[in-house]
Amino acid sequence: MKKIIVFASGSGTNAENIIKYFLNTEIARVVSVFTNNASAKVIERAKNHQIPVEIFSKNELLERKVLQKVQEIDPDLIILAGFLLKFPENIIEQYPHKIINIHPALLPNYGGKGMYGMHIHRAIVNNKEKETGISIHYVNENYDEGAIIFQANVALTDEDTPETVAEKIHELEQKHFPEIIHRLLEA
């Protein structure tokens, strides 16, 4: 059975969706959730599924403490699901092409530092974009610049608000993220 680690900073809806999806397969399990936010809702979601949680500081991420915990688990895949800190090069170097992220826009548009969540959705509405979507990509040393694995798009209307865009993106994430992870683990 392959091992997945999920890194998340917030509510954890994507993390929980991945946990539930793999409970129904024989290929892999989420074996740990890592978070930099001691009050993140993802902690409760993980514990509800008996998934161990590692809470760490930004300094512990940049130093070797988080890397050491990851190495103890020896995951087959590391998933960033709403993880807001820049991922450290010491982990990226140890796990090349084994770290993926989901981004709530069609990269390379609306990527980079500070571009996450409602910041992206507001920018998309303000720019009167006709479509948006999700990008699942490998993680490298730069924000949102790793090779794209998969994209899915959704049409927008003039009536869309940042909140309705967020809902449309969430539907795409919930549908596609676990499936793409499954496909990568089978490869």
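Residues numbered from 1 in each chain as written. Predicted model: local features only at pLDDT ≥ 70, side-chain atom pairs only at ≥ 80, totals over all residues. Heavy atoms only, no water.

Draft legend 1. Region of interest: the overall build of the chain. Helix and strand content of the chain: 7 helices and 7 strands. Listing every helix and strand of the chain by position from the N terminus yields β-α-β-α-β-α-α-β-α-β-α-β-β-α. Principal-axis analysis of the C-alpha atoms gives the chain an extent of 50 × 35 × 35 Å. Buried residues in the chain amount to 48% of all 187 residues. Surface accessibility of the chain: about 9400 Å² in total, with carbon and sulfur atoms responsible for 47%. A gap of 4 Å separates the mean positions of the 20 positive and 25 negative side-chain charges of the chain. (Helix = DSSP H or I, 4+ residues; strand = E, 2+ residues; numbered from the N terminus. Buried < 20%, exposed > 50% of the residue type's maximum accessible area, 1.4 Å probe, protein only. Areas by Shrake-Rupley, 256 points an atom, 1.4 Å probe, with all protein chains shown as cover. Lys, Arg positive; Asp, Glu negative; His and termini not counted. Charge placed at Lys NZ, Arg CZ, Asp CG, Glu CD.)

Draft legend 2. Seen up close, the nonpolar core. Within the largest apolar cluster, 39 residues are counted, with the highest numbers of intra-cluster contacts made by Ile4, Ile79, Phe177 and Ile181. The dominant element in this core, judged by the number of residues it contributes, is helix H7 (residues 162–186), at 7 residues. Leave out the neighbours within four places in its chain, and Ile181 touches Ile4, Ile18, Phe22, Leu77, Ile79 and Ile100. Counting residues in each nonpolar core, the second largest holds 19 residues, with Ile5, Val66, Phe83 and Phe87 among its members. (Core = buried A, V, L, I, M, F, W, Y, C linked by side-chain atoms within 4.5 Å. Contact = heavy atoms within 4.5 Å.)

Draft legend 3. Looking closely at the packing of aromatic side chains. Counted under the stated rule, the structure contains 8 aromatic pairs. Centroid distance Phe7 to Phe83: 5.4 Å. Interplanar angle 70°. Geometry classified as edge-to-face. Remark: Phe83 occurs in the loop between strand E4 (77–80) and helix H5 (89–94) and Phe7 occurs in strand E1 (residues 2–7); sequence separation between them is 76 residues. What makes Phe83 buried here is its relative accessible area of 8%. Members of the aromatic cluster, joined through ring pairs, are Phe7, Phe34, Phe56, Phe83 and Phe87. (Phe/Tyr/Trp six-rings, centres within 6.5 Å; stacked < 30°, edge-to-face > 60°.)

Draft legend 4. Structural view of helix H2 (residues 41–48). Among the residues of H2, Val42, Ile43, Arg45 and Ala46 are the ones counted as buried. Taken around the axis of H2, the buried residues stretch over an arc of 165°, which confines them to a single face. Positive backbone phi, approximately 60°, marks Gln50, located one or two places after H2. (Arc of directions from axis to C-beta.)

Draft legend 5. Structural detail: the sheet that holds strand E5 (residues 99–103). As summarised here, the arrangement of the 7 strands in space is E3-E2-E1-E4-E5-E6-E7, forming an open sheet in which the pairing is mixed. Edge positions in the sheet fall to strand E3 (53–55) and strand E7 (148–155), since each of these pairs with one other strand and no more. For this sheet, the mean angle separating the axes of adjacent strands, direction not counted, is 20°. For strand E6 (residues 131–138) and E7, the ladder comprises 7 bridges, and the chain directions are antiparallel. Following the sheet pairing, Glu131 is matched in E7 by Ala155. (Pairing = 2+ DSSP bridges. Axes fitted to C-alpha atoms, helices over the stretch in contact; angles between N-to-C directions.)

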